[in-house]
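Observations on the three-dimensional arrangement
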Amino acid sequence: MEHLVSPSLLAADFANLEREVTMINRSDADWLHIDVMDGVFVPNISFGFPVIKAVKKVSSKPLDVHLMIVDPDRYLTQFREAGANNLTVQYEACTHLNRTVTEIRNLEMKAGVALNPHTPVMLLKNILPYIDMVLIMTVNPGFGGQLFIKESYSKIIELRKMIDAGGYNVLIEVDGGIDTANASKLIESGVNVLVAGNSVFGSADPVGTIRKLKNLI
Ligand code: DX5
Ligand code: ZN
């Protein structure tokens, strides 16, 4: 399948959010990635419902919301109401993951599970039939602009085998340190969705960079 590109709003100019979202609207981006951080699960705080609702009003792209928060069950309905189309929770933050992803699907969102760099993909074996996407964190979550962790390639290849062997309809998304230099190898390894923050918003021509990420091979 053709791969998707999901620029991460975390690297945008927050004083000019409407302009940034409008730029994404007219780009080749497939989704808009929204990072929610609570200062507990990760050592950083980003933004919450009022900002997501404001972005939803101007975005023509589906919102790909990535929760880096503890106890996400408390807020699933509110994220749906704020405009999330995909909702990804961290594996490490969910005690009853099956219940959480089932609830996300009941709320008519795509359910994603994110893995920290140290979490083995094997742990997903029994959840793959219940989800739409796995997000492999290719940096330690909490901040944009970090260096891509190279051990991620073998995790992606292993996960791709698991998904294909089981015949599951599950996308693989990568997030952290993705740019036009490593994107092709990631797609070859089995990735379906590229998240990119600084490499897009920090470039001189963000629309051109998104086009490059979209037309790699
Ligand atoms: C990191 C976030 C990422 C971040 C990626 O915790 O989950 O989505 O925005 O930023 P870059 O692409 O700059 O590494
Ligand atoms: Zn993210």
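Each remark here, short or long, concerns the structure printed above.
Read on for an overview of the structure. (Residues numbered from 1 in each chain as written. Chains lettered and ligands numbered in written order. Predicted model: local features only at pLDDT ≥ 70, side-chain atom pairs only at ≥ 80, totals over all residues. Heavy atoms only, no water.)

**Focus on the overall build of the protein**
Note the threshold: Strands here mean DSSP runs of E at least two residues long; helices mean DSSP runs of H or I at least four residues long; both are numbered from the N terminus. As a reference, a globule follows 2.2 Å times the number of residues to the power 0.38, and the radius of gyration itself is taken over C-alpha atoms. Relative accessibility under 20% of the residue-type maximum defines a buried residue, over 50% an exposed one, and the middle range a partly exposed one, all with a 1.4 Å probe and only protein chains included. In this description, contact between two residues means that some pair of their heavy atoms is separated by no more than 4.5 Å.
Across its full length, the protein carries eight helices and eight strands. Against the compact-globule benchmark of 17 Å for 217 residues, the protein has a radius of gyration of 16 Å, which places it among compact chains. Relative to its full complement of 217 residues, the protein shows a buried share of 54%. Taking all contacts inside the protein whose residues are at least 6 apart in sequence as the whole, residues at least 24 apart take part in 66%.

**Side note on helix H4 (residues 97–106)**
The periodicity of an α-helix, 3.6 residues per turn, causes residues three or four positions apart to be oriented the same way. To be explicit about the condition: The arc in question is the one spanned by the directions pointing from the helix axis to the C-beta atoms.
Among all positions of H4, only Leu97, Thr100, Val101 and Ile104 are buried. Across the axial projection of H4, the buried residues extend over an arc of 90 degrees, all falling on one side. Exposed residues on H4 whose side chains face more than 90 degrees from its buried face are Arg99 and Asn106. Residues of H4 that are buried sit in contact with helix H3 (76–82), strand E4 (84–90) and strand E5 (110–115). Positive phi shows up at Glu108, right after H4, with a value of about 65 degrees.

**Notes on the site of ligand 1**
We count it as follows: Think of it this way: one heavy atom of a residue within 4 Å of a molecule or strand is enough to make that residue near it. Any pair of nitrogen or oxygen atoms within 3.5 Å is treated as a polar contact; in protein, a donor-acceptor pairing is required on top of that, and neighbouring residues in sequence qualify only through side-chain atoms on both sides. Residue exposure ignores everything except the shown protein chains as possible cover, and the areas themselves are Shrake-Rupley values with a 1.4 Å probe. Each residue receives one of three labels: charged for Asp, Glu, Lys and Arg, nonpolar for Ala, Val, Leu, Ile, Met, Phe, Trp, Tyr, Cys and Pro, and polar for the others, Gly being one of them.
Residues in close proximity to ligand 1 total 20 residues, the closest being Ser8, Asp35, Gly142, Asp175 and Asn198. Contacts to ligand 1 include Asp175, whose side-chain N or O atom sits 2.6 Å from an oxygen atom. In this structure, Gly177 approaches ligand 1 through a main-chain N or O atom, which is 2.8 Å from an oxygen atom. Coverage of ligand 1 by the protein chains reaches 99% of its 380 Å² of free accessible surface. Looking at which element gives the most residues to the shell around ligand 1, the answer is strand E2 (residues 32–37), with three residues. In terms of residue class, the shell around ligand 1 is built from eight nonpolar, 10 polar and two charged.

**A look at the sheet that holds E5**
This is how the line gets drawn: Here, a strand pair is defined by DSSP locating no fewer than two bridges between the strands. To define axes, lines are fitted to C-alpha atoms, for helices over the stretch in contact only, and angles between the resulting N-to-C directions are given on a 0 to 180 degree scale.
Taken in spatial order, the eight strands line up as E1-E8-E7-E6-E5-E4-E3-E2 in an open sheet, and their pairing is parallel. Two strands in the sheet have a free side with no partner beyond their single neighbour: strand E1 (4–7) and E2. Each strand axis lies, on average, 25 degrees off the axis of its neighbour in the sheet, ignoring direction. Note that strand E3 (residues 63–68) and E4 share five bridges and pair parallel. Across the sheet, residue Val65 finds its bridge partner in E4, namely Leu87. Those strands touched by helix H2 (residues 49–58) are E2, E3 and E4, and its axis lies near 170 degrees from that of E2.

**Description of the environment of Ile24**
As for its placement among the helices and strands, Ile24 is situated in helix H1 (residues 17–25). Here the alpha-carbon distance between Ile24 and Val207, two residues 183 residues apart in the chain, equals 7.3 Å. Contacts of Ile24, omitting those with residues within four sequence positions, involve Pro7, Ala29, Leu32, Lys61, Phe201 and Ile210.

**Structural notes on the packing of aromatic side chains**
The geometry of an aromatic ring pair is captured by the separation of the ring centres together with the interplanar angle, meaning the angle of the planes. Keep this limit in mind: Aromatic rings from Phe, Tyr and Trp, taking only the six-membered ring of Trp, are treated as a pair when their centres fall within 6.5 Å; an angle between ring planes under 30 degrees marks them as stacked, one over 60 as edge-to-face, and anything in between as tilted. Counting as a charge over the ring demands two things of the Lys NZ or Arg CZ atom: a distance within 6 Å of the ring centre and an angle within 35 degrees of the ring normal.
As enumerated under the stated definition, the model contains four aromatic pairs in all. Between Phe49 and Tyr75, the aromatic rings sit 6.1 Å apart at their centres with planes inclined by 50 degrees, giving tilted as the arrangement. Note that Phe49 is positioned in helix H2 and Tyr75 in the loop between E3 and H3, a separation of 26 residues in sequence. Tyr75 gets classed as partly exposed once you look at its relative accessible area, which sits at 26%. On the numbers, 5.2 Å between centres and 55 degrees between planes, the contact of Phe148 with Tyr153 is tilted. Each of the two residues, Phe148 as well as Tyr153, counts as buried. The ring of Tyr153 carries Lys185 above its face, with NZ or CZ at 4.1 Å from the centroid.

**Let's talk about the nonpolar core**
Selection rule: Here, nonpolar core refers to any group of buried Ala, Val, Leu, Ile, Met, Phe, Trp, Tyr and Cys residues whose side-chain atoms link them within 4.5 Å.
Counting residues in hydrophobic clusters, the biggest one holds 62 residues, and the most contacted among them are Ile34 and Phe79. The dominant element in this core, judged by the number of residues it contributes, is helix H5 (residues 152–166), at five residues. Apart from residues no more than four positions distant in its own chain, Phe79 is found in contact with Val36, Phe49, Ile52, Val65, Leu67, Ile69, Ala84 and Leu87. Formed by five residues, the second largest nonpolar core is a distinct cluster that contains Leu4, Trp31, Met133 and Leu171.

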